[in-house]
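Working through the structure, step by step
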Amino acid sequence: MPVRFTFLFAASLALASLAHQPASAQRVKSAAFSYLPETTADRYNQRVSRKTLPLPDGGFIILAHQAADQYAVERYDADLKRRWSTALPLAAGEVVDGFSQSNEQATVVIYQNAAGSQRLVAHSISLADGRKSPAQKLVEANARDRRPGVAFSPDGSRLVAWRYLSQSNQIKAINASVYDEKLQKLKDRTYDFHDQGDFFSVTVHVGNDGTQFVTLAGDQMKKLSVRRYRNDSPDVKVMSVSVGGTFGGKVVNIFDSRFVLRPDNTLYAAAICNERATGLYHSLKLVKFDFAGESDMKFAPEIALSADYLAEVNTAVGGAPAKRLEDIYLTDILLTDDKQVVVLAEKKYEEGGEGAPGHTRELHLFGYNEFLTPSWRSVVAKDQVAPAAEGYSSISYRATTSGPEIQLLTWEKIKGKSDLYLRRLDVPTGVISAPKGLGLNVATDQNLAYVKDFTAWLDPKTIIGVSRPSKKSAALMLNKIVLK
């Protein structure tokens, strides 16, 4: 292992082992908050995982689940004063599938499944006064088809909705429609996949200018590809790179992949690869697809997830050493202002059996400089568990970038104190601070105590969160926390 890796890993462990430090925040204000937990067949793959969206004026909007048949979009100012609330009643079989906001409005996408068809419809809601538009159909599919999908651009000014065209349960094409923030249709497109064979994964992204990027993990899960579709041209630009293959006589496939579209229409893709025969983790790959200028592609040197890396993880986590890497999934690709990259992965699993709790454990962080050269890696030990009814909505983490720093927020019980804890990652060096409690005293009984979906940063020092302060309190509170 390179010396720089060894040094930074040791430095991170040393900081993480420091004694719990006093809170570095003060809760400025709290307000009562009404929320009904989500009920869905798949609690571990949320359709809408971010329900608080910051606004430029220092306020924010929230998507609140208030009753079994009703949501509401609410706007708050920076002092937690509610300016307006707009009800979103849901009929039987309807589910909220998307939530975003642009400069002038919020958009809520609702999935409908009735009368032999599936539909995605959308409401636009004025940020000024909460006025709601009538529902507009975005896409419709047969009830037997795969569930249609939707994605928003980074600034919320464009959205793309699509349906799958399949044959013998294999995706052969996607029919998509692109809309602006007023839900006016800009373009209908068809993305054809007859060349992809019978085993691939596909996702659709849309840029702030309406350009669509179709991302694929294909070629029998060995290749990452991006296809660009512009609204003003029939030409399709394709970039792809093999990340799997046969190495040392072992067949290596993509186990997990994640694509992130940036506002400048650059795409970053990360993939964890494993050995097909044994399932052993093999390596982490990172690729930058740059569709601006010369439309080039940058492939970072791979990071081996070998026995040496397993030893690092066991040292960081402690306890009985693991015999192999398991249940580690990609969760984020974050960029700083100067284009340094951090890839995050997390250990996530369920105990097994219906109703079994969900667990999220150590975070795996991999740092790259602006040229995509690996510069450090680290492991953050944590141990979180939640009832199956909550899925991962109260555990795991939230992260944001601020200059050269990444803030990581978790709900944990450390040295007997249940609280929201903040860790700061200095991206150029990879050094991670010890966890600091924010002083919320989050309840630790079997009832809902923290809803991660509502955690958001209004600015680098102001955090919004929803939690319950004690066992004696049955009510959730909306909190504004200012860091010192």
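What this report covers is the structure whose coordinates are included nearby. Since the model is a prediction, treat every value here as computed from it, not as a measurement. (Residues numbered from 1 in each chain as written. Predicted model: local features only at pLDDT ≥ 70, side-chain atom pairs only at ≥ 80, totals over all residues. Heavy atoms only, no water.)

**Looking at the overall build of the protein**
- Counting secondary structure elements, the protein contains two helices and 36 strands.
- The C-alpha atoms of the protein give 22 Å as radius of gyration, which agrees with the globular expectation for 484 residues (23 Å, within 12%).
- For the protein, the spread of C-alpha atoms along the principal axes amounts to about 60 × 55 × 45 Å.
- Taking all 484 residues of the protein together, the buried fraction comes to 53%.
- In the protein, the proportion of contacts linking residues at least 24 apart, taken out of those at least 6 apart, comes to 48%.
- With an accessible surface of roughly 21000 Å², the protein has 48% of that area assigned to carbon and sulfur atoms.
- When the 60 positive and 53 negative side-chain charges of the protein are each reduced to one mean point, those points stand 3 Å apart. (Helix = DSSP H or I, 4+ residues; strand = E, 2+ residues; numbered from the N terminus. Rg over C-alpha atoms; globule rule 2.2 N^0.38 Å. Buried < 20%, exposed > 50% of the residue type's maximum accessible area, 1.4 Å probe, protein only. Contact = heavy atoms within 4.5 Å. Areas by Shrake-Rupley, 256 points an atom, 1.4 Å probe, with all protein chains shown as cover. Lys, Arg positive; Asp, Glu negative; His and termini not counted. Charge placed at Lys NZ, Arg CZ, Asp CG, Glu CD.)

**Section: the nonpolar core**
- Membership of the largest hydrophobic core comes to 26 residues, with the highest contact counts inside it found for L284, L286, L325, V341, V343, F366 and Y368.
- Among residues more than four places away in sequence, those in contact with L286 are A269, A270, K298, F299, A300, V341, V343, Y368 and L372.
- Counting 19 residues, the second-largest nonpolar core is a separate cluster that includes M221, L224, C273 and F289. (Core = buried A, V, L, I, M, F, W, Y, C linked by side-chain atoms within 4.5 Å.)

**As for empty space enclosed by the protein**
- Here the structure, examined in full by the defined rule, presents two cavities of 30 Å³ or more.
- What lines the largest cavity is simply I272, Y281, L284, L305, Y309, L325, I328, A345, H364 and F366.
- Elements supplying a minimum of two residues to the lining of the largest cavity: β21 (281-290) and β26 (358-368).
- Considered class by class, the residues forming the lining of the largest cavity number nine nonpolar, one polar and no charged. (1 Å grid on protein atoms, 1.4 Å probe; cavity = no way out; pocket = protein on both sides within 12 Å on 5 of 7 lines; lining within 4 Å. Points joined across faces, edges and corners; volume = space filled by probe spheres on them. Nonpolar A, V, L, I, M, F, W, Y, C, P; charged D, E, K, R; others polar.)

**Here's the deal with the sheet that holds strand β36 (residues 476-483)**
- Read across the sheet, four strands follow the order β1-β36-β35-β34 without closing on themselves; strand pairing throughout is antiparallel. Bordering the open sheet on either side are β1 (25-33) and β34 (456-459), each of which pairs with just one other strand. The mean inter-strand angle of the sheet, taken between neighbouring strand axes irrespective of direction, is 25°.
- Sheet analysis places β1 next to β36, joined by eight bridges and oriented antiparallel. Bridged to R27 within β36 is I481. (Pairing = 2+ DSSP bridges. Axes fitted to C-alpha atoms, helices over the stretch in contact; angles between N-to-C directions.)

**With respect to the side chain of D290**
- Secondary-structure assignment places D290 in strand β21.
- Buried charge D290 goes without a salt bridge, the closest partner of opposite sign being K288 at 4.4 Å.
- Apart from residues no more than four positions distant in its own chain, D290 is found in contact with M239, T266, S295 and D296. (Salt bridge = Lys/Arg side-chain N within 4 Å of Asp/Glu carboxyl O.)

**Here we look at the pairing of β34**
- Examined bridge by bridge, β34 and strand β35 (residues 462-467) share three bridges and lie antiparallel to one another. Bridged to W457 within β35 is I463.
- Hairpin connection from β34 to β35: two residues lie between these consecutive antiparallel strands.

**Section: the pattern of salt bridges**
- The full count for this structure, using the stated rule, is 22 salt bridges.
- D195 is the partner of R227 in a salt bridge, and the nearest nitrogen-oxygen pair spans 3.1 Å. One end of the pair, R227, is in strand β16 (residues 223-229); the other, D195, is in the loop between β13 (185-192) and β14 (201-206), with 32 residues separating them in the sequence.
- With a closest N to O distance of 2.7 Å, E346 and K382 form a salt bridge. Here E346 is found in strand β25 (residues 341-350), whereas its partner K382 is found in the loop between β27 (374-380) and β28 (384-386), with 36 residues between them in sequence. By the burial criterion, E346 is buried, and K382 matches it.

**Some words on the packing of aromatic side chains**
- Applying the stated criterion across every chain, the model contains ten aromatic pairs.
- Ring geometry for F255 against Y281: centres 5.3 Å apart, planes inclined by 50°, an arrangement best described as tilted. On the criterion of sequence distance, the pair formed by F255 in strand β19 (residues 250-261) and Y281 in strand β21 is long-range, its members being 26 residues apart.
- When the ring centre of Y111 is taken as origin, the NZ or CZ atom of R147, which lies over that ring, is 3.8 Å away. (Phe/Tyr/Trp six-rings, centres within 6.5 Å; stacked < 30°, edge-to-face > 60°. Lys NZ or Arg CZ within 6 Å of the ring centre and 35° of its normal.)

**Thoughts on the sheet that holds strand β5 (residues 82-89)**
- Taken together, four strands build an open sheet; the order of strands is β2-β3-β4-β5 and the sheet is antiparallel. Two strands close off the open sheet at either side, each with one partner strand: β2 (52-54) and β5. With strand direction ignored, the average angle separating the axes of adjacent strands in the sheet is 20°.
- Across three bridges, the pairing between β2 and strand β3 (residues 60-67) is antiparallel. In the strand pairing of β3, P54 is matched with F60.

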